[in-house]
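Okay, here's what each chain looks like letter by letter:
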Amino acid sequence: MFEPGDLQFIIDNCLEMDRTELDITILAKLACGIHLSALTQRAKQTEPKERKTQRTDFYHQGSRICRDTFKHMHTIGQERLNNLIKHYKVHRVTPRRHGNTKRQPKHALKAKDNIYAAHFIMNYAETHGMHLPGRVPGYWRTDLKLLPTNSSKRKVYDEYARAITSTDHRKVALVTFRRIWREVTPFVVTMRPATDLCWLCQKYQQRVSVSANLPEQEKTLLYQQASDHLQQAATERQFYRTVCEEVGRTLPEHLGLGQHDPCSYDGTVHYSLDFAQQVHYPYNPRQPGPVFLKTPRKCAVFGVACEVLPKQVTFLIDECVQTGKGGNCVISLLHYYLENYGLGESHMHLHADNCSGQNKNSYVMWYMMWRVLTGRHESIDMSFLLSGHTKFSCDWCFGLFKRNFRATKVDCLNDIVASVTDSSPAGINVPQLCGIEDGTVIVPAYDWATFFAQFFTKVKDIKSYHHFHFDSESSGVTVSKYSDTENTFQHLLAVDAIDRNAMPQVIQPKGLEHKRQRYLFNEIREFVADEKQDIVCPDPGPAPVSSDAESSDTEEIAPPPPKRGRGRGRGQRRGRGQTNGRIHGRGRANNL
């Protein structure tokens, strides 16, 4: 009845149509052959009867065809054909619409169930996450909450599944949980393993990866040790967050950074302090090629943050006024902060990392003891986060500064000050210069180590403790290993009384050596803006002559010893340039 090519052409056309277009095409053809009258057609010898069901004749191009050919031609099955016939009987030739369109299915999740899942993710991030905008490579959003590296979405979902059993909410599936996380809380992400700098965590991870052939008892012990370490890190992190929250609830709104009388505020204030990686200037975001292998001028960065305000004073220490990064430097910067930016609190709580060469040493402990004994504070608590798990508010502020610094052209210290100020529109970062390029000191450094050595004794086994408490009515320090362990007392005071007004000697910075100044002038000056070249890289002039190297006019200068040549001229010994007091040879002997 039909050509094979024509039939295949019709089939291809039907395959190209979408569902709605094909439905309309089939319904139009069904309308030509369906019988929906109330009575059947009368035969010659029979009477018409009441029709119990419809009868459908199938046609194509005026020719009647069977049902199977019709289905094959339009690439449909029997179930879809029956559904189209039922639809035509009620709605005639109109597009079909799914029964659940604009109607929520009975098994669909309710809004409160989705909201509960989203709130669980946000609460989990508030409890276990860290807020570090611009600090971790690859994450440049300012509202990120970074979960620990072992907090996968499946692990968080398991916690959610256990928590929801005690509620009347319906549990969502893992796929739905991931979709809610992706759509509602995209700012909650898991840190990459490279950002976990804890050496113990890395050792445990390495040992676990090769523990397949170990006995079960050893594997159980290894897993328990790794779990205890992570749990202890989480406990110390929660202690840090709890202290900040408690201080934030009690701090008056009128208090701000500035000079205040000691103990003028009868309350507790929390501070954090840390060093950041130094920056170099001049700096150009376009990174000129010749400066890549050179060493521009250096500027160290130190910060003291008050989380409850929130504000951080960022100290900028040029290399010409730097006296080191040890205990004397840290104490001098912290002392300047408390005297000029402190809130005048009577009780202070400090947090720092576990760097023994800078923060965690007897000199810093002696300074805390000195402050409470001289009436500057009534009590001081100093806590240290676990090594490798020391990311806190200082890193957040440093991240804001470094992100802005990378995109800013910097020629001098004033440009770095502007970069610190512009890094946060809310004024979170407050810059403080410790000196200027010509060596003028703004923040003095003191010899605290020598000054305190006459009053105190060293803290015993200081590296094993993480919490230190100093009180004005005590002659020592109360130490504890962790926030949830018992305390022990150590006596530190070695004298009967301390003069409140006595201060250590000022350490004068050595400044830049002439060799360094000459290097900056010859190699770095061309990369500085013209109007700032004499500020950053001035001409150092001739090198100073040492008094030891000077000689009197009457002193005879001895001639240098003869150099050995490698040539062999006429009458010259091999390997020597002198023979019997006479000079021979015309080669490369370089004779006197």
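What you are looking at is a predicted structure, and each value in this text was computed from that prediction instead of being measured.

Peer 1: Can you help me understand the overall build of the protein chain in this one?
Peer 2: Within the protein chain one finds 16 helices and 19 strands. Here the protein chain holds 592 residues, and 41% of them are scored as buried. Working note: accessible area of the protein chain is about 34100 Å², and carbon and sulfur atoms make up 50% of it.

Peer 1: Looking at this structure, how should I read the packing of helix 2 (residues 19–33) against helix 4 (residues 78–91)?
Peer 2: For any two helices packed against each other, one specifies the crossing angle of their axes together with the interaxial distance. Their axes nearest at 10 Å, the elements helix 2 and helix 4 cross at an angle of 70°. One way to sum up the angle between helix 2 and helix 4 is to call them roughly perpendicular. As for how helix 2 packs across helix 4, the hand of that crossing is right-handed. For the pair helix 2 and helix 4, the contacting residues are Arg19, Leu22, Asp23, Ile26, Leu27, Leu30 and Ala31 in the first and Arg80, Leu81, Leu84, Ile85, His87 and Tyr88 in the second. Within the contact of helix 2 with helix 4, the residues separate by chemical class into 9 nonpolar, 1 polar and 3 charged.

Peer 1: Honestly, the nonpolar core in this entry has me stumped. Any pointers?
Peer 2: Across soluble globular proteins, nonpolar side chains have a tendency to be buried as a group. Formed by 86 residues in total, the largest nonpolar core has its most connected members in Tyr271, Phe315, Met368, Ile416, Phe456, Phe468 and Phe470. Once residues lying within four places of it in the same chain are set aside, the contact partners of phenylalanine 315 are Ala300, Val301, Phe302, Val304, Leu333, Tyr336, Tyr337, Gln432, Cys434 and Val443.

Peer 1: Explanation requested: the pairing of strand 14 (residues 467–471) in the structure shown.
Peer 2: A regular strand places its side chains so that they alternate between the two faces of the sheet. Two strands pair when backbone bridges link them, and strand 11 (residues 379–384) and strand 14 are joined in this way by 5 bridges, in the antiparallel orientation. The residue bridging serine 379 from the neighbouring strand is aspartate 471, located in strand 14. As judged from the 4 bridges shared by strand 14 and strand 15 (residues 476–480), these two strands associate in the antiparallel manner. In the sheet register, phenylalanine 470 faces strand 15, and the bridge partner there is valine 477. In textbook terms, the turn of a hairpin is the stretch between consecutive antiparallel strands, and for strand 14 and strand 15 this stretch comprises 4 residues.

Peer 1: Looking at this structure, how should I read the environment of threonine 94?
Peer 2: Looking at the secondary structure, you find threonine 94 in the loop between helix 4 and helix 5 (111–128). Relative accessible area serves as the criterion here: at 30%, threonine 94 is assigned to the partly exposed category. Among residues more than four places away in sequence, those in contact with threonine 94 are Ile24, Leu27 and His87.

Peer 1: I keep staring at the packing of aromatic side chains and nothing clicks. Help me out?
Peer 2: As enumerated under the stated definition, the model contains 31 aromatic pairs in all. Judged by centre distance (6.1 Å) and plane angle (85°), the rings of phenylalanine 177 and tryptophan 181 are edge-to-face. Within this pair, phenylalanine 177 and its partner tryptophan 181 are both found in helix 7 (residues 174–184), separated by 4 residues, close to a single helical turn. For the pair phenylalanine 177 and tryptophan 181, one class covers both residues: buried.

Peer 1: Would you take a moment to explain the pattern of salt bridges for this structure?
Peer 2: If charged atoms from side chains of opposite charge come close, those side chains can pair. If you walk through the whole model with that rule in mind, you get 20 salt bridges. One salt bridge connects arginine 55 with aspartate 57, and the closest N-O pair in it is separated by 3.0 Å. Take aspartate 57: its relative accessible area is 7%, and that puts it in the buried class. In this structure, the salt-bridge partner of glutamate 126 is lysine 145, at a minimum N-O distance of 3.1 Å. Here glutamate 126 is found in helix 5, whereas its partner lysine 145 is found in strand 5 (residues 145–147), with 19 residues between them in sequence. Ionic contacts of the salt-bridge type, sharing partners, join the residues Asp23, Arg80 and Arg96 into one network.

So, how was this worked out
Residues numbered from 1 in each chain as written. Predicted model: local features only at pLDDT ≥ 70, side-chain atom pairs only at ≥ 80, totals over all residues. Heavy atoms only, no water. Helix = DSSP H or I, 4+ residues; strand = E, 2+ residues; numbered from the N terminus. Buried < 20%, exposed > 50% of the residue type's maximum accessible area, 1.4 Å probe, protein only. Areas by Shrake-Rupley, 256 points an atom, 1.4 Å probe, with all protein chains shown as cover. Axes fitted to C-alpha atoms, helices over the stretch in contact; angles between N-to-C directions. Parallel < 35°, antiparallel > 145°, perpendicular 65-115°, else oblique. Left-handed = near helix turned anticlockwise from the far one by under 90°. Contact = heavy atoms within 4.5 Å. Nonpolar A, V, L, I, M, F, W, Y, C, P; charged D, E, K, R; others polar. Core = buried A, V, L, I, M, F, W, Y, C linked by side-chain atoms within 4.5 Å. Pairing = 2+ DSSP bridges. Phe/Tyr/Trp six-rings, centres within 6.5 Å; stacked < 30°, edge-to-face > 60°. Salt bridge = Lys/Arg side-chain N within 4 Å of Asp/Glu carboxyl O.

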